[in-house]
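A closer look at the structure
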Amino acid sequence: MKYIYLLIFMIPFVASAQDDLFSEIDSETEEDYKTAAFKGLKIVNFESTKMISKKELYFVVSHRFGSLETGLKDFFGLDQAVTRLNLIYGISDAVNVGISRSSFRKIYESSLKIRLFREKKGGFPFTIVSSSNILINTSLDDAILPGLEFKNRLGYTTQLLISKKFNKNFSLQLIPTFFHDNYVDVNEQDNSQYVIGFGGRHKLTKRWSFNFDYGVHLNRADTSPFKNPLSIGFDLETGGHVFQLHFTNAQPMNTNSFLGQATGDWADGDIFFGFNLSRVF
C-alpha cells in the first residue's frame, strides 16, 4: 500500500510536470473549446469535470437531511441532518484545491483536482480531470477501539473523471475510482476498494437541468450492509451560480463515505433529500 500512498502524494508534482500542457491549453482561445459539460462542481454525489477559475474562491455549504422514511417522527429527516462545509480555490484554471469539514463522523478532508485534457471543438473528444482526496476521521474513539493510531483515521481517494458533452443539452461522465480506508466498519471488507461510477446531465430549460449518478462497488464484502449509491438531482442556475437539489440513498457526502457506507434503499423509500449552496469570492 505504501506505493499507492506515494502515488497520491506525488500528484501535486505531476501537476507541476504538466505546466507545458496547461500553458498550451491556456494559449488556445475559449472559442476552440466546448462549454462545460456540467454546471456544478458535483453531478450529484460524484465530482464533475467542472473547474473553478484562477484566483476564485468557492464556499460550498452541503446539507443532507435524514431519511424521508422516518416520516413525522423526525419530520421527514429534518432532525437527523448532516452538513459539510467546503472551501475550494483555483490555483489556476486547471488546478483546484480544497478543504472541508463534515459533521458525518467529524471528517476533515483536503482535495485536489487537475484538468489534464479539455474537450475541444473538432479536436480532443473528452474532458479528463484527476481528483484526489485525503481525509481524517476524527470521530474514532480510542476508548472504544484500543490500540487506535492516527493512521487508522486516514482515508484516501483517487478518481479519473472523463466527461463528454454530446450536445448543448446532454452530457455524460465515466468515473473509475479507487479509495482506501485504514479503518473499515465491516471486518471482512478490504481496506482498498474499487468503484466504477457514471453520471449525466440533461438540460430541461434555460435554468433547470436533471442530473443523476451511480456507483458500482466492485469488491464489497458479502457481509456488508451497505448499498451502491444511486442519486438524482436538479440544478438551478441563478445569475451565474448553481443551486443543487438532490435525492440519494447515501447520507454522507465525502467520497469514501458515500461510496462505502450508503445505507438507504430506494425500493423502501429510505432516501435522503439534500442541497448544495455556493458562494463565489
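Refer to the structure presented above.
Because the structure is a prediction, the values reported are computed rather than measured.

Quick word on the overall build of the chain
Check the secondary structure of the chain and you find three helices and twelve strands. In the chain, which comprises 281 residues, the proportion classed as buried is 46%. At a minimum sequence separation of 6, the contacts of the chain that also span at least 24 residues come to 58%. Summed over its atoms, the accessible surface of the chain is roughly 13900 Å², and 60% of this surface lies on carbon and sulfur atoms.

Here's the deal with the pattern of salt bridges
Within the structure shown, the criterion is met by seven salt bridges. The salt bridge involving lysine 42 is made with glutamate 47; its shortest N-O contact spans 3.3 Å. Exposure class is identical for lysine 42 and glutamate 47. Each is buried. Look at the salt bridges and you will find they share partners, linking Lys34, Glu119 and Lys164 into a network.

A closer look at the sheet that holds strand S6 (residues 154-165)
Pairing is antiparallel around the closed barrel formed by twelve strands, whose spatial order is S1-S2-S3-S4-S5-S6-S7-S8-S9-S10-S11-S12. For this sheet the average axis-to-axis angle between neighbouring strands, irrespective of direction, equals 20 degrees. Of the pairings in the sheet, the one linking S6 to strand S7 (residues 170-181) comprises nine bridges and is antiparallel in character. Note that in S7 the partner of tyrosine 156 across the bridge is histidine 180.

Some details on the pairing of strand S3 (residues 95-102)
Sheet topology places strand S2 (residues 82-92) next to S3; eight bridges connect them, and they run antiparallel. Each residue of the ladder has a partner; that of leucine 85, found in S3, is arginine 101. Bridging between S3 and strand S4 (residues 107-117) involves eight bridges; their strand directions are antiparallel. Pairing of glycine 98 across the sheet is with serine 111, part of S4. Here S3 folds back onto S4, and the loop between the two strands holds four residues, one of which, arginine 105, carries a positive phi near 55 degrees.

Observations concerning the side chain of glutamine 251
Its place among the elements puts glutamine 251 in the loop between strand S11 (241-248) and helix H3 (255-260). Here glutamine 251 is in contact with Arg64, Phe65, Gly66, Gln80, Ala81, Val82 and Phe272, once residues within four sequence places are set aside.

Quick word on the nonpolar core
With 15 residues, the main nonpolar core has Ile43, Phe46, Ile175, Val195, Phe258 and Leu259 as its most contacted residues. Among the secondary structure elements, those contributing two or more residues to this core are S7 and H3. When neighbours within four sequence positions are excluded, isoleucine 43 is seen to be in contact with Phe38, Ser48, Gln173, Ile175, Gly199, Gly200, Asn211, Phe212, Asp213 and Gln244.

Describing the environment of glycine 40
With respect to the helices, strands and loops of the structure, glycine 40 is situated in the loop between helix H2 (19-27) and strand S1 (57-67). The class of glycine 40 is buried, set by a relative accessible area of 4%. In contact with glycine 40, not counting residues within four places along its chain, are Ser48, Lys50, Asp235, Val242 and Gln244.

Quick look at the packing of aromatic side chains
Taken as a whole and assessed by the stated rule, the structure comprises twelve aromatic pairs. Taken together, a centroid distance of 6.0 Å and an interplanar angle of 0 degrees make the contact between phenylalanine 65 and phenylalanine 273 stacked. Pair noted here: phenylalanine 65 is in strand S1 and phenylalanine 273 is in strand S12 (residues 272-280), with a separation of 208 residues, a long-range link. Using a relative accessible area of 23% as the deciding quantity, one classes phenylalanine 273 as partly exposed.

Definitions and limits used
- Residues numbered from 1 in each chain as written.
- Predicted model: local features only at pLDDT ≥ 70, side-chain atom pairs only at ≥ 80, totals over all residues.
- Heavy atoms only, no water.
- Helix = DSSP H or I, 4+ residues; strand = E, 2+ residues; numbered from the N terminus.
- Buried < 20%, exposed > 50% of the residue type's maximum accessible area, 1.4 Å probe, protein only.
- Contact = heavy atoms within 4.5 Å.
- Areas by Shrake-Rupley, 256 points an atom, 1.4 Å probe, with all protein chains shown as cover.
- Salt bridge = Lys/Arg side-chain N within 4 Å of Asp/Glu carboxyl O.
- Pairing = 2+ DSSP bridges.
- Axes fitted to C-alpha atoms, helices over the stretch in contact; angles between N-to-C directions.
- Core = buried A, V, L, I, M, F, W, Y, C linked by side-chain atoms within 4.5 Å.
- Phe/Tyr/Trp six-rings, centres within 6.5 Å; stacked < 30°, edge-to-face > 60°.

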